[in-house]
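# Structure at a glance
The chain contents come next:
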Amino acid sequence: MQFGIFTVGDVTTDPTTGKTPSEHQRLKSMMKYALKAEEVGLDVFATGEHHNPPFVPSSPTTMLGWIAAKTSKIQLTTSTTLITTNDPVKIAEDFSILQHLADGRVDLMMGRGNTGPVYPWFGKDIREGIPLAIENYHLLRRLWREKTVDWQGQFRTPLRGFTLAPAPLDDTPPFVWHGSIRSTEIAEQAAFYGDGFFANHIFWNKEHTQQMIDLYRSRFEHYGHGSADQAIVGLGGQIFMRKNSQDAIRDFRPYFNNAPVYGHGPSLEDFMEMTPLTVGSPEQVIEKTLSFADYAGHYQRQLFLVDHAGLPEEMVLEQIELLGTEVVPVLRKEFEARRPSHIPSDPPSHASLREQGPDGKHRKVMPAETTNQPA
């Protein structure tokens, strides 16, 4: 099972000091977190994609390319890549190059984002979000799998005799996750192609998360990719740790109380009760994280958000250290001891996908898609 961290790259004032990092400082800190994650033995580093303040990661592949050059083991991914407002041709090119530079240590998560104004900035209509996600991803799959692509759709100019350069490493496209909070169409899309499904798993209660994952699993089986319990699932989560829970609550409370993302709504204690947020000791993080499988089933990737809400750099580095040294080793052992032998422990890797060869699914068109595309 893979464990790692993800960042949304927010620039937020530290409420305990009144200091706000510059965009430059925030980007440099994020790079430190990625290197620290590999140092302590985590498996994955993921960055979001945002095009508006107060967020800074507008070019994820640039960031991940830098990290790839400084690391040798950690898997690099996104959380998310905006399939709606990015051109599929540019996504295909960028991630093919990143694959080559990282020697295959790359996958990516498709998503529609959570900032409405981004759509018109890139010439898109938010009301077309779902159709854009369906059409653009279908094209992206073909670009990665076909030598020459002729294509016509609804949302971009046609392609005639287009050849992607460079082709994916070893002619093996990166594994794709589809991230969604509430859109059942995206869970359906992930299941249709046999891709992974990543549940945001931060702001919603476990019943909601379970409904989305159960839908994906049932449709994964429906489309013939394997049994429902073999579907490839990833979860997010939020944690803050100290050696004892009282110190963790005391230290994190001002960040929780002042962070715009929490909406100044429920108390910290109520939010921990209602959502996967865990603030406490490493033992408490282990206990609550193990409970995720009670409603999500046996899953393959767990990513933690540890650097948001204005937390200072040194405090985030301490969180990553605790994850790598005290939490993840126990989680790996416990999760694998409970996992039946027929259920994958890891998501597909570049090596495993290369062994499988072409899967033939790129010529499918989702039933909901009505654009005029060659079969």
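Refer to the structure above for everything that follows.
What counts, and at which threshold
- Along each chain, the written sequence defines residue order, and numbers are assigned to residues from 1.
- Given that the model is predicted, a residue must reach a pLDDT of at least 70 before its local features are reported, and side-chain atom pairs must reach 80 or more before they are shown or counted; all residues, however, enter totals for whole chains, interfaces and linings.
- In computing side-chain values, all of the structure's heavy atoms are included and hydrogens and water are not.
- Only DSSP runs of H or I reaching four residues or more are called helices, and only runs of E reaching two or more are called strands; each is numbered from the N terminus.
- The classification of residues rests on relative accessible area computed with a 1.4 Å probe and restricted to protein chains. Under 20% of the type maximum is buried, over 50% is exposed, and intermediate values are partly exposed.
- Working rule for contacts: check all heavy atoms of both residues, and any pair within 4.5 Å makes them a contact.
- Given a helix with a known number of residues, its expected span is that number minus one, times 1.5 Å.
- Strands pair, by our definition, only if DSSP identifies at least two bridges between them.
- Think of it like this: strands point away, you trace from the first strand over the helix to the second, and a clockwise trace means the crossover is right-handed.
- Orientation is described by axes fitted as lines to C-alpha atoms, over the contacting stretch for helices, and by angles from 0 to 180 degrees between their N-to-C directions.
- An angle below 35 degrees is treated as roughly parallel, one above 145 as roughly antiparallel, one from 65 to 115 as roughly perpendicular, and anything else as oblique.
- By convention, the crossing between two helices is left-handed when the near helix turns anticlockwise from the far helix through less than a right angle, and right-handed when the turn is clockwise.

## Focus on unusual backbone geometry
Across residues other than glycine, the phi torsion is negative in most instances, and most of the peptide bonds are trans. A cis amide bond links proline 53 with the next residue in sequence, proline 54, at an omega value of 10 degrees. With omega at 0 degrees, the peptide bond leading from alanine 165 into proline 166 counts as cis. Mapped onto the elements, proline 166 comes out in the loop between strand E7 (159-162) and strand E8 (176-180). For aspartate 103, which is not glycine, the phi torsion reads 55 degrees and is therefore positive. As for its placement among the helices and strands, aspartate 103 is situated in the loop between helix H3 (88-101) and strand E5 (108-111). What makes aspartate 103 exposed here is its relative accessible area of 64%. A positive phi is found at aspartate 171, a non-glycine position, where the angle reads about 55 degrees. Summarising the element assignment, aspartate 171 is placed in the loop between E7 and E8. With a relative accessible area of 64%, aspartate 171 lands in the exposed category.

## Things to note about the side chain of threonine 47
In this fold, threonine 47 is placed in strand E2 (residues 44-47). For threonine 47, the residues in contact, after removing those within four places along its chain, are Thr7, Met30, Pro57, Pro60, Met63, Leu64, Thr77, Thr78, Ser79 and Thr80.

## Considerations on helix H5 (residues 129-145)
Compared with the 24 Å implied by 1.5 Å per residue over 17 residues, the 24 Å span of H5 between its first and last C-alpha is a close match. Extensive coverage of H5 is indicated by the burial of 15 of its 17 residues.

## Focus: helix H1 (residues 23-39)
Residues separated by three or four positions in an α-helix point in the same direction, a consequence of the helix having 3.6 residues per turn. The terminal C-alpha atoms of H1, which comprises 17 residues, lie 25 Å apart, in line with the 24 Å expected from a rise of 1.5 Å per residue. Within H1 the residues assigned to the buried category are Arg26, Ser29, Met30, Met31, Tyr33, Ala34, Lys36, Ala37 and Glu38. Once H1 ends, the next one or two residues include glycine 41, with phi positive near 90 degrees.

## Comments concerning the pairing of E5
Residues of E5 alternate between two faces, with Leu108 and Met110 on one and Met109 and Gly111 on the opposite face, all of them buried. Of the strand pairs in this sheet, strand E4 (residues 81-82) and E5 are connected by two bridges, and their pairing is parallel. Looking at E5, one finds that leucine 82 is bridged to glycine 111. Viewed along the sheet, the connection from E4 through H3 into E5 turns out right-handed. Inspection of the sheet shows E5 paired to E8 by three bridges, in the parallel sense. Residue methionine 109 lies in a different strand from E8, and its bridge partner there is tryptophan 177.

## Describing the packing of H5 against helix H6 (residues 184-193)
For the pair H5 and H6, interaxial distance at closest approach is 10 Å and the crossing angle is 20 degrees. Looking at the two axes, H5 sits roughly parallel to H6. In the packing of H5 onto H6, the handedness of the crossing is right-handed. Contacts from Ile130, Ala133, Ile134, Tyr137, His138 and Arg141 in H5 reach Glu185, Ile186, Gln189 and Tyr193 in H6.

## Let's talk about the sheet that holds strand E13 (residues 301-305)
What the nine strands build is an open sheet, ordered E3-E2-E1-E13-E10-E9-E8-E5-E4; its pairing is parallel. The open sheet is flanked by strand E3 (75-78) and E4, the only strands paired with a single partner. On top of the sheet, H6 reaches E8 and strand E9 (196-199); it is set at about 165 degrees to E8, its chief contact.

## Comments concerning the environment of threonine 71
Note that threonine 71 resides in the loop between helix H2 (60-70) and E3. Distance from threonine 71 to glutamate 39, taken between C-alpha atoms, is 9.1 Å for residues 32 residues apart in sequence. Discounting chain neighbours no more than four positions away, the residues touching threonine 71 are Leu35, Glu38 and Arg105.

## Focus on the environment of proline 312
Within the secondary structure, proline 312 sits in the loop between E13 and helix H12 (313-338). Spatially, the C-alpha atoms of proline 312 and glutamine 99 are 32 Å apart, while their sequence positions differ by 213 residues. What proline 312 contacts, discounting residues up to four positions off in sequence, is Asp14, Tyr33 and Tyr255.

## So, the pairing of strand E1 (residues 2-7)
Burial analysis of E1 places six of its six residues in the buried class, which makes it a mostly covered element. Where burial is concerned, the two faces of E1 agree: the one with Gln2, Gly4 and Phe6 and the one with Phe3, Ile5 and Thr7 are both buried. Relative to E13, E1 is paired through five bridges, and the arrangement is parallel. Looking at the pairing, isoleucine 5 lines up with phenylalanine 304 of E13. Examined bridge by bridge, E1 and E2 share four bridges and lie parallel to one another. Residue isoleucine 5 lies in a different strand from E2, and its bridge partner there is phenylalanine 45. In the classification by handedness, the crossover that spans E1, the intervening H1 and the parallel E2 is right-handed.

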